[in-house]
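Structural characterization, general
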Amino acid sequence: MSSSSSTDSLVIAGRTYRSRLLVGTGKYKDMDETARAIDASGAEIVTIAVRRTNIGQNNDEPNILDVLPPERYTILPNTAGCYDVDTAVRTCRLARELLDGHNLVKLEVLGDEKTLFPDVMATLKAAEILVKDDFQVMVYTNDDPIVARELEALGCVAVMPLAAPIGSGLGIRNPLNIRTIVENAKVPILVDAGVGTASDAAVAMELGCDGVLMNTAIAAAKNPVLMASAMRKAIEAGREAFLAGRMPAKRFASASSPIEGLFF
Ligand SMILES: CC(=O)[C@@H](O)[C@H](O)COP(=O)(O)O
């Protein structure tokens, strides 16, 4: 692998991406800031909450696709705000209609408003229905390796365990589970939700994740454009560190220069 990692691509549902950073579109000051931050992030996949953001549902309001054109970005409609199977499935079908048959979606079925943790049973059911309905499903889930395995077995094209609660910025709470999910998976594993700053993104990549999806860490930074640029570099650095192979961690010191053949 060259140091530029030019051949190291992310492949999701048969499509190849250079960037391993996926970004959301919520919480920005305005559309201009959204567009500038996403540009600085280098992201190629941009997720949009269909229940909250206009992608053609309302012709009287600004359409976010005017600043995030589908010719440039892969649009990933998501089911944010859905708390049951039917609403999530309907939301994906609406997105497919609005986006002329586009079938790549991010499924999230939430359990409650306080934690925004996934309702795992409902997520499994919705994923099954959507896969049968020819959707390519990228799925938000908890950091449970068994659930991740089930979602992959159902045919999801990517599994996206949370780092921490959505919008919390707490970073990766359970790195060992994330590593186990990665080691067991044959589909891309992307950390989704809870990243707070660039080092969290780098850790996710060092654990072997295929990518990271984030929103709040960029949008709620004091300078979202600068944070987006930091995240881009962190994802690249973490990926290169993973590919390079970390030195074994040791409990005690080992001198950096050889101790044999000392002059005195
Ligand atoms: C944008 C999106 O899809 C969110 O549901 C996602 O989970 C991001 O979470 P953070 O805002 O914590 O990055």
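Residues numbered from 1 in each chain as written. Predicted model: local features only at pLDDT ≥ 70, side-chain atom pairs only at ≥ 80, totals over all residues. Heavy atoms only, no water.

Taken as a whole and assessed by the stated rule, the structure comprises 10 salt bridges. Between Asp 133 and Arg 96 there is a salt bridge whose closest N-O contact spans 3.1 Å. Residue Asp 133 is found in the loop between α3 (120-132) and β7 (136-141), and its partner Arg 96 is found in helix α2 (residues 85-98); the two are separated by 37 residues along the sequence. On the accessibility criterion, Asp 133 (22% relative accessible area) is partly exposed. Residues Glu 128 and Lys 132 are paired through a salt bridge, measuring 3.4 Å at the closest nitrogen-oxygen approach. (Salt bridge = Lys/Arg side-chain N within 4 Å of Asp/Glu carboxyl O. Helix = DSSP H or I, 4+ residues; strand = E, 2+ residues; numbered from the N terminus. Buried < 20%, exposed > 50% of the residue type's maximum accessible area, 1.4 Å probe, protein only.)

UniProt annotation of "active site" (unreviewed entry) refers to Lys 106 when read in the numbering used here. Among the secondary structure elements, Lys 106 is positioned in strand β6 (residues 104-107). In contact with Lys 106, not counting residues within four places along its chain, are Thr 47, Leu 76, Pro 77, Asn 78, Thr 79, Met 138, Tyr 140, Met 160, Asp 192 and Leu 213. (UniProt positions renumbered as here; feature names shortened; annotations may be inferred. Contact = heavy atoms within 4.5 Å.)

Residues in close proximity to the ligand total 14 residues, the closest being Lys 106, Gly 167, Asp 192, Asn 215 and Thr 216. A distance of 2.6 Å is found between an oxygen atom of the ligand and a side-chain nitrogen or oxygen belonging to Lys 106. The backbone of Gly 194 places a nitrogen or oxygen atom 2.9 Å from an oxygen atom of the ligand. Of the residues that constitute the shell around the ligand, the class distribution is 4 nonpolar, 7 polar and 3 charged. (Near = heavy atom within 4 Å. Polar contact = N/O pair within 3.5 Å; in protein donor to acceptor, adjacent residues only side chain to side chain. Nonpolar A, V, L, I, M, F, W, Y, C, P; charged D, E, K, R; others polar.)

What follows covers the UniProt feature "binding site: 1-deoxy-D-xylulose 5-phosphate" (unreviewed entry) in the chain. UniProt's feature table lists "binding site: 1-deoxy-D-xylulose 5-phosphate" (unreviewed entry) at Gly 167, Ala 193, Gly 194, Asn 215 and Thr 216, given in the numbering used throughout. Spanning 50 residues, the named residues form one tight spatial group whose C-alpha atoms are at most 8.9 Å apart. By the element assignment, Ala 193 lies in the loop between β9 (190-192) and α6 (198-206). If we ignore the near neighbours within four places in the chain, the residues touching Ala 193 are Tyr 140, Leu 162, Ala 163, Ala 164, Ile 166 and Leu 213. Relative to the helices and strands, Gly 194 is located in the loop between β9 and α6. Take Gly 194: its relative accessible area is 7%, and that puts it in the buried class. In contact with Gly 194, other than residues within four places in its own chain, are Ala 163, Ala 164, Pro 165, Ile 166, Ser 168, Gly 169, Leu 170 and Gly 171.

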